[in-house]
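# Architecture and fold: a report
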Amino acid sequence: MSPIEAGFLGMFCVLVLLLARMHIGLAMGLIGFLGFAYITGWEPALGLLRTVPYTTFASEGLSVIPLFILMGAFAFEAGMSEDLYAAVHKIFGGLKGGLAMATVAACACFAAISGSSLATAATLGRVAMPEMKKYNYDLGLATGSIAAGGCIGILIPPSVILIIYGILTEQSIGKLFMAGVIPGILEAVFYIITIWLLTRRNPALGPPGPKASTKEKVRAFSRTWEVIVLFTIVIGGLYMGIFTPTEAAGIGAFCALCFAFMRGKMKWLNFKNSLTSTASTTGMLFLIIMGAMMLGYFFSVTRLPFEFASMVAALPINRYAILACIVVVILILGCLMDSLAIVLLTVPVFYPLILELNFDPIWFGIIVVRVTEMGLITPPVGLNVFVLNGITGVPMHTIFRGVTPFLLADILQLILLISLPQISLFLPNLMN
Amino acid sequence: MPSLYKFGNKVVQPAVNVMVSVAATALAVMMFLMAADVIFRYLFNSPIPGALELIEFLMAIIVPFSIAYCAKLKAHVTVDLVVERFPAKVRSILRFIITSISCVFVTLICWQNFAYIFETYQSNLTSAVLKIPAAPFVAAAAIGTAVFAIILFIELFQSKSKE
Amino acid sequence: AKEVTLRFAHQNPESGLSSTTCVAPWLKQVEDATGGAVKIEPYYGETLAKGKDMWNAVKMGITDIGWAFHGYWPGMTPVTDVISLPAMSFETAEKGSEVLWKLYEKYPVIQKEFDDVKVLLFYTSPPYSLITVEKPVKNLDDIKGMKIRMSGGPSTEMVKALGAVPMLIPMPDNYISLQKGVIDGMGAPWEAIQVWRFYEVTKYYTEVPFPAVYFSIIMNKRKWNSLDKEVQDAIMSVSGEAGSKFWGKHFFDDMRTSGIKKVEEVGNGNNIFTLAPEERQKWIDVGGKPVWDGWVSTMEKNGVSNAREILDTTIALGKE
Ligand code: NA
Ligand code: NA
């Protein structure tokens with residue numbers, strides 16, 4: 001078996017172990033270890049187990065992940081998500097499907113302080129679902145808008161996935177964050193249009209709620225100033241080059257904690273909950289990262305990514321056709337895996353090819369994130385759908401039915417992002 | 001066998017409780033340290049010496065302890081798609097096999113990390129500014145993976161009805 | 001003879017300046033010297049091992065040959081650190097590399113620090129230059145209170161002794177830190193000034209008796225021992241002292257001219273200074289000698305009885 005064949009076999013084995021319910025991080029790590037041993041021998045492979053875990057854990061660069069998660073946890077405990085929803089609710093509430101539109105808009109705002117899609121979906125699921133039930137919303141539309149809206153969490157910065165992409169490819173995390181802003185807002189706009197079209201055709205899906213006066217709107221919005229300040233500090237600081245991403249995350253978490261105190265919402269128990277829930281998420285993410293690192297070294301030593309890149313780049317086909325194939329592969333994986341694992345698994349393989357084809361690496365990062373986002377709501381493994389099913393008790397198939405129109409909107413937006421790279425690259429190019 | 005599972009849990013749970021408390025404390029310290037470093041640098045023109053290496057060491061505690069905590073919570077993501085179509089008997093055998101493989105693999109990592117403590121200790125590796133020895137922090141990784149391996153081992157004796 | 005393939009792991013990307021001027025040509029030299037008996041498979045950009053893990057990666061055979069920056073591992077090679085003491089006598093990286101190789105050949109106590117691996121060659125940077133953003137530094141008063149980024153170890157102690165504030169910042173963040181005034185200046189070799197584009201954000205350049213840093217190209221011992229004697233000899237013919245000098249020259253010294261050219265292009269060509277001889281001696285007396293003495297007494301405490309002699313030899317070799 002040639003090393004490259006071993007690489008493909010390794011990928012297949014990871015999928016098999018995954019379907020047999022092995023933990024994704026352990027599956028990637030185990031195959032990485034066995035594959036490395038097959039090519040280089042046992043002692044080097046054991047060396048991988050010796051160095052990779054400690055280096056992955058004791059990383060200053062990766063400390064930005066728990067810190068941004070912590071910021072989101074504090075903001076949630078402080079009730080900022082509820083106030084956000086209340087504010088956008090006042091604007092859209094009176095429209096047909098207005099509550100669903102408000103959900104999407106609130107998701108986009110909450111995305112600005114949360115680094116993960118799951119957290120965004122879970123938070124808005126708790127806040128928005130009771131409202132939409134009260135006004136007799138169609139359960140599919142209600143849950144669909146939360147599941148899809150939650151995806152925006154990893155496109156609008158801060159974003160765990162963009163951080164990982166930046167670390168894997170040595171691209172500036174600050175620039176990647178900037179690149180995500182406009183596509184993220186655009187995604188929310190696409191979803192709101194989708195809801196508008198759906199409820200125009202069938203008003204029963206989302207009956208209008210009460211209209212709010214201007215005074216009420218102003219009052220509701222005045223309660224969201226903390227979120228605006230947080231976003232300005234974190235993203236403004238990164239944009240101006242005042243903070244490194246790690247510093248922005250540390251300051252962001254600290255400010256969120258201060259705001260929570262000022263609101264009187266940070267009792268000892270809330271503080272403890274924020275920390276332990278962050279620890280739990282951190283543990284889950286880092287086990288996946290560790291496994292992916294091991295698998296990545298195995299792929300390296302098979303030389304699969306390099307050979308693959310030069311082979312594919314030499315094919316006499318349009319580079320956009322190759323990009324389309326990459327997108328389809330990620331979409332298929334997205335049906336089975338969670339977004340972090342997909343990025344960790346595919347980026348090391350595809351990235352050399354992207355450079356070879358002269359695509360912009362920052363732009364490709366946004367495309368990758370946009371596509372893996374879709375994986376969060378596609379069956380059979382759609383983590384956002386699972387989370388909502390857990391929180392609201394709405395059956396899985398109802399939620400999957402509800403997200404279908406949003407997936408169509410996703411495809412349209414993806415085509416737009418691919419054909420107009422300036423949408424993503426406009427802000428980061430301003431940074432220099 | 002289920003009694004062994006119960007007994008094992010009784011032993012592991014307190015250890016995990018301590019670990020998550022330590023991880024949570026380290027996380028809070030890391031946040032305050034980061035914020036203090038930035039504030040001191042911009043307002044008082046004097047950064048905290050060695051903040052960078054302290055963050056690395058704090059991460060070395062936070063992550064492995066969080067992984068053990070996470071394993072106990074069973075918060076790790078798995079794919080149920082294929083397995084749930086199998087008969088219960090096949091399912092429980094498959095679970096046993098996968099948990100065994102996981103347990104062996106994590107044990108291997110744990111063994112290598114313990115070897116790494118020894119190696120780091122012997123080589124006198126320290127941090128650059130504060131000259132803090134690195135070995136104790138490698139030990140945190142070893143302890144975290146050890147508890148993870150034990151949790152997986154206990155899961156082997158979980159009764160079938162608990163699935 | 002049978003053909004052997006050796007994995008070579010490097011931290012920097014393949015497109016990097018030093019990769020094209022130094023690393024790739026040297027790998028080619030190895031292949032040519034062995035008459036094709038050895039084929040090298042390079043892994044650039046940390047694709048096989050992180051820079052920080054390189055020592056273990058070589059020791060355990062994850063890679064056969066690895067590029068090692070010893071600044072990552074404070075405390076691990078304390079005697080070899082003699083070459084990175086401030087105010088050493090060599091002026092170029094080529095000379096520093098030659099000195100370090102000779103020290104390694106001469107002193108078993110240094111060889112012992114590299115027992116876990118097979119050392120193919122050593123190389124050093126030239127003594128770092130001081131680059132500053134707003135204020136030129138021509139004497140000790142100028143540097144008082146300045147926040148200067150250094151790379152840890154003896155360099156930190158020297159900056160303290162000179163009355164400045166040492167800062168430790170990861171390499172990729174230095175450009176922004178200089179631009180935003182987080183630091184007033186930093187110690188850097190001309191290679192870094194060019195590669196990291198520091199010349200865009202700093203105005204003044206002073207050649208001062210700052211320390212150098214050192215690197216090694218190391219090989220897995222078991223793999224080394226598995227090679228035929230002729231192959232080993234062929235590899236050593238382009239390694240050892242000759243290889244050390246090659247790396248020092250092409251990794252660092254060659255960049256000095258092009259680095260200065262970049263500085264001239266942005267109009268700061270007149271801002272490159274050298275300390276006057278008596279001023280330089282002052283820096284050595286204030287910032288150099290106390291750090292030397294500190295190193296010697298620490299080494300003697302650790303049982304290296306000939307530490308003073310090693311230091312004197314280093315200085316003498318550098319002047320040759
Ligand atoms: Na976000
Ligand atoms: Na999916």
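Computed from a predicted model, the values in this text were never measured in an experiment. (Residues numbered from 1 in each chain as written. Chains lettered and ligands numbered in written order. Predicted model: local features only at pLDDT ≥ 70, side-chain atom pairs only at ≥ 80, totals over all residues. Heavy atoms only, no water.)

### Quick look at the overall build of chain C
Selection criterion: By definition, any uninterrupted DSSP run of H or I lasting at least four residues is a helix, any uninterrupted run of E lasting at least two residues is a strand, and each is numbered from the N terminus. Here the term buried applies to any residue with accessible area under 20% of the maximum for its type, exposed to any over 50%, and partly exposed to those in between, with areas from a 1.4 Å probe on protein chains only. Contacts were defined at the residue level, with two residues in contact if any of their heavy atoms lie within 4.5 Å. With residues, only the protein chains shown are counted as cover, and all accessible areas are computed by Shrake-Rupley using a 1.4 Å probe. Counting rule applied: Lys, Arg positive; Asp, Glu negative; His and chain ends not counted. Charge positions come from single atoms, namely NZ of Lys, CZ of Arg, CG of Asp or CD of Glu.
When helices and strands are tallied, chain C shows 13 helices and 11 strands. Across the 320 residues of chain C, 58% fall into the buried class. Taking the intrachain contacts of chain C between residues at least 6 apart in sequence as the baseline, contacts between residues at least 24 apart amount to 75%. When the accessible surface of chain C is split by element, carbon and sulfur atoms take 50% of a total near 12,400 Å². Of note, chain C has its 36 positive side-chain charges centred 2 Å away from the centre of its 41 negative side-chain charges.

### Points about the overall build of chain B
Here is the rule we go by: C-alpha atoms define the radius of gyration in this analysis, and the globule rule sets the expected value at 2.2 Å times the number of residues to the power 0.38.
A count of helices and strands for chain B gives 4 helices and 0 strands. The order of helices and strands in chain B, counted from the N terminus, is α-α-α-α. Radius of gyration (C-alpha) of chain B: 20 Å, far over the 15 Å computed for a compact globule of 163 residues. Residues counted as buried form 52% of the 163 residues belonging to chain B. Partitioning the contacts of chain B with sequence separation of at least 6, the portion at a separation of at least 24 is 78%. With an accessible surface of roughly 7,700 Å², chain B has 72% of that area assigned to carbon and sulfur atoms. Taking the average location of the 12 positive side-chain charges in chain B and that of its 8 negative ones, the two points are 15 Å from each other.

### Observations regarding a nonpolar patch on the surface
Defined as follows: Like-charged residues are merged into a patch within 9 Å and nonpolar side chains (Val, Leu, Ile, Met, Phe, Trp, Tyr) within 5 Å, provided each residue has over 30% relative accessible area and no salt bridge. One side-chain nitrogen of Lys or Arg within 4 Å of one carboxyl oxygen of Asp or Glu is enough to make a salt bridge.
A surface patch of nonpolar side chains, amounting to about 620 Å² of accessible area, comprises A:Met240, A:Ile242, B:Phe40, B:Tyr42, B:Leu43 and B:Phe44. With 3 residues, helix α1 (residues 2-43) of chain B is the largest single contributor of residues to the nonpolar patch. What makes B:Phe44 exposed here is its relative accessible area of 53%.

### Focus on the UniProt feature "transmembrane region" (unreviewed entry) in chain B
Residues and elements named next belong to chain B. This is how it is decided: UniProt positions are given in the numbering used here, feature names are shortened, and annotations may be inferred rather than shown by experiment.
Mapped onto this structure's residue numbering, the UniProt feature "transmembrane region" (unreviewed entry) falls at residues 20-44, 50-71, 92-114 and 134-157. Across residues 50-71 one finds 95% helix and 0% strand; the C-alpha atoms that close the span lie 32 Å apart. In this annotation, residues 134-157 is assigned 88% helix and 0% strand; the end-to-end C-alpha distance for the span is 37 Å.

### Points about the sheet that holds strand β7 (residues 165-167) of chain C
Remark on secondary structure: sheet strands pair via backbone hydrogen bonds, oriented parallel or antiparallel. All names here are of chain C. Note the following rule: One requirement defines pairing of two strands: DSSP has to find at least two bridges between them. Axis definition: a line fitted to C-alpha atoms, limited for helices to the stretch in contact. Angles are taken between N-to-C directions and run from 0 to 180 degrees.
Pairing in this open sheet of 6 strands is mixed, and the strands run β7-β6-β8-β5-β9-β11 from one edge to the other. The outermost strands of the open sheet, each flanked by one partner alone, are β7 and β11 (272-274). Sheet twist, expressed as the mean angle between neighbouring strand axes with direction ignored, is 25°. For strand β6 (residues 147-149) and strand β8 (residues 185-188), the ladder comprises 2 bridges, and the chain directions are parallel. Note on β8: the bridge partner recorded for Ile-148 is Gly-185.

### Regarding the side chain of A:Thr224
With respect to the helices and strands, the residue A:Thr224 is situated in the loop between α11 (214-222) and α12 (225-240). Not counting chain neighbours up to four residues away, the residues in contact with A:Thr224 comprise A:Asp83, A:Leu84 and A:Ala87.

### Thoughts on the coordination of the sodium ion (ligand 1)
Note the cut-off: Water is not part of the atom set, so a site may look incomplete; the donors themselves are N, O and S atoms within 2.8 Å of the metal, or 3.2 Å for Na, K and Ca.
Only A:Ala111 (O), A:Ser114 (O), A:Gly153 (O), A:Ile156 (O) and A:Pro158 (O) from the protein coordinate the sodium ion (ligand 1), and they sit 2.3 to 2.4 Å from it. You can call A:Ile156 buried: its relative accessible area is 6%.

### Describing empty space enclosed by the protein
Here is the rule: A cavity here means a set of 1 Å grid points, computed over protein atoms only, where a 1.4 Å probe fits but cannot escape. A pocket is an open set with protein on both sides within 12 Å along at least 5 of 7 lines, and lining residues have an atom within 4 Å of a point. Grid points are joined across faces, edges and corners, and a volume is the space filled by probe spheres set on the points. Under the scheme applied here, ten amino acids are nonpolar (Ala, Val, Leu, Ile, Met, Phe, Trp, Tyr, Cys and Pro), four are charged (Asp, Glu, Lys and Arg), and all others, including Gly, are polar.
Inspection of the entire model under this criterion finds 5 cavities of 30 Å³ or more. What lines the second largest cavity is A:Leu48, A:Thr51, A:Val52, A:Tyr297, C:Leu48, C:Ala49, C:Lys50, C:Asp53, C:Ala57 and C:Ile62. The dominant element in the lining of the second largest cavity, judged by the number of residues it contributes, is helix α3 (residues 42-57) of chain A, at 3 residues. Tallied by class, residues from the lining of the second largest cavity come to 7 nonpolar, 1 polar and 2 charged.

### Let's talk about unusual backbone geometry
Residues and elements named next belong to chain A. The omega torsion of the bond from Pro-157 to Pro-158 falls at -5°, within 30 degrees of zero and hence cis. Here Pro-158 shows up in the loop between α8 (139-151) and α9 (160-169). Positive phi is not limited to glycine here, since Glu-170 has a value of about 60°. You can see Glu-170 is positioned in the loop between α9 and α10 (173-201).

### Let's talk about the sheet that holds strand β3 (residues 65-69) of chain C
Residues and elements named next belong to chain C. Taken in spatial order, the 5 strands line up as β2-β1-β3-β10-β4 in an open sheet, and their pairing is mixed. On the outer flanks of this sheet lie β2 (38-43) and β4 (117-124), each paired with one strand and no other. Ignoring which end each strand starts from, the neighbouring axes of this sheet average 25° apart. In terms of strand pairing, strand β1 (residues 4-9) meets β3 through 2 bridges, oriented parallel. Paired with Ala-9 across the two strands is Gly-66, which belongs to β3.

### Examining helix α14 (residues 268-302) of chain A
Since the α-helix turns once every 3.6 residues, residues separated by three or four places project in the same direction. Residues and elements named next belong to chain A. Heads up, the condition is: By this rule the span expected of a helix is its residue count minus one, scaled by 1.5 Å.
For α14, spanning 35 residues, the distance from its first C-alpha to its last is 51 Å, which sits close to the expected 51 Å at 1.5 Å a residue. A large share of α14 lies buried, amounting to 29 of its 35 residues. Arg-303 sits one or two positions beyond α14 and adopts a positive phi of about 60°.

### Quick look at the interface of chain C and chain A
Reports of interface size often rely on the accessible area that becomes lost once the parts have come together. Short version of the rule: Two parts placed together each lose some accessible area under a 1.4 Å probe, and the buried area is that loss summed for both.
Listed by partner, the interface residues are 20 residues for chain C and 20 residues for chain A. Together, the buried faces of chain C and chain A total about 1,800 Å²; carbon and sulfur atoms form 56% of this surface. At the junction of chain C and chain A, the tally comes to 1 salt bridge. Across the salt bridge formed by C:Arg222 and A:Glu43, the nearest N and O atoms sit 3.0 Å from each other. Looking at the side of chain C that touches chain A, the elements with two or more residues in it are β2 and α2 (54-59) of chain C. When residues in the side of chain C that touches chain A are grouped by element, the largest group, 3 residues, is from β2(C). Its residues placed into classes, the side of chain C that touches chain A shows 8 nonpolar, 3 polar and 9 charged.

### A look at the packing of aromatic side chains
The test is simple: Two rings belonging to Phe, Tyr or Trp (six-membered ring only in the last case) form a pair when the distance between their centres is within 6.5 Å. Interplanar angles under 30 degrees mark stacking, angles over 60 mark edge-to-face geometry, and anything in between is tilted. By definition, being over a ring means that NZ of Lys or CZ of Arg is both within 6 Å of the ring centre and within 35 degrees of the ring normal.
Here the structure, examined in full by the defined rule, presents 38 aromatic pairs over all chains. Plain terms: the ring middles of A:Tyr191 and A:Phe406 are 5.4 Å apart, the flat faces sit at 85° to each other, and that makes the pair edge-to-face. Remark: A:Phe406 occurs in helix α20 (residues 396-419) and A:Tyr191 occurs in helix α10; sequence separation between them is 215 residues. Exposure class is identical for A:Tyr191 and A:Phe406. Each is buried. Centroid distance B:Phe153 to B:Phe157: 5.4 Å. Interplanar angle 80°. Geometry classified as edge-to-face. Sitting above the plane of the C:Tyr43 ring, A:Arg303 keeps its charged end 4.7 Å from the centroid. In this structure, C:Lys138 packs its charged tip against the face of C:Phe273, placed 4.5 Å from the ring centre.

### A closer look at the pairing of β8(C)
Residues in a regular strand point their side chains to alternate faces of the sheet. Residues and elements named next belong to chain C. Of the two faces of β8, both are covered, the one formed by Gly-185 and Gly-187 as well as the one formed by Met-186 and Ala-188. The sheet contact formed by strand β5 (residues 129-132) and β8 spans 4 bridges and is antiparallel. By the bridge assignment, Ser-129 is partnered in β8 with Ala-188.

### Things to note about the nonpolar core
As a reminder of what qualifies: Definition used in this section: a nonpolar core is a set of buried Ala, Val, Leu, Ile, Met, Phe, Trp, Tyr and Cys residues joined via side-chain atoms within 4.5 Å.
Of all hydrophobic cores here, the largest spans 318 residues; its most connected members are A:Tyr54, A:Ile65, C:Trp26, C:Trp247 and C:Trp295. Ranked by residue count, the leading element in this core is α14(A), at 18 residues. Counting residues in each nonpolar core, the second largest holds 18 residues, with C:Ile169, C:Ile183, C:Ala192 and C:Tyr205 among its members.

### Re the pattern of salt bridges
All names here are of chain C. On inspection of all chains with the given rule, the structure shows 24 salt bridges over all chains. Between Asp-285 and Lys-289 there is a salt bridge, with the nearest N and O atoms lying 3.4 Å from each other. You can see Asp-285 and its partner Lys-289 sitting in helix α12 (residues 277-301), 4 residues apart, about one turn around the helix. Its relative accessible area of 38% is what places Asp-285 among the partly exposed residues. Three or more residues are tied together by salt bridges with common partners; here these are Lys-95, Glu-98, Lys-102, Lys-245 and Glu-320.

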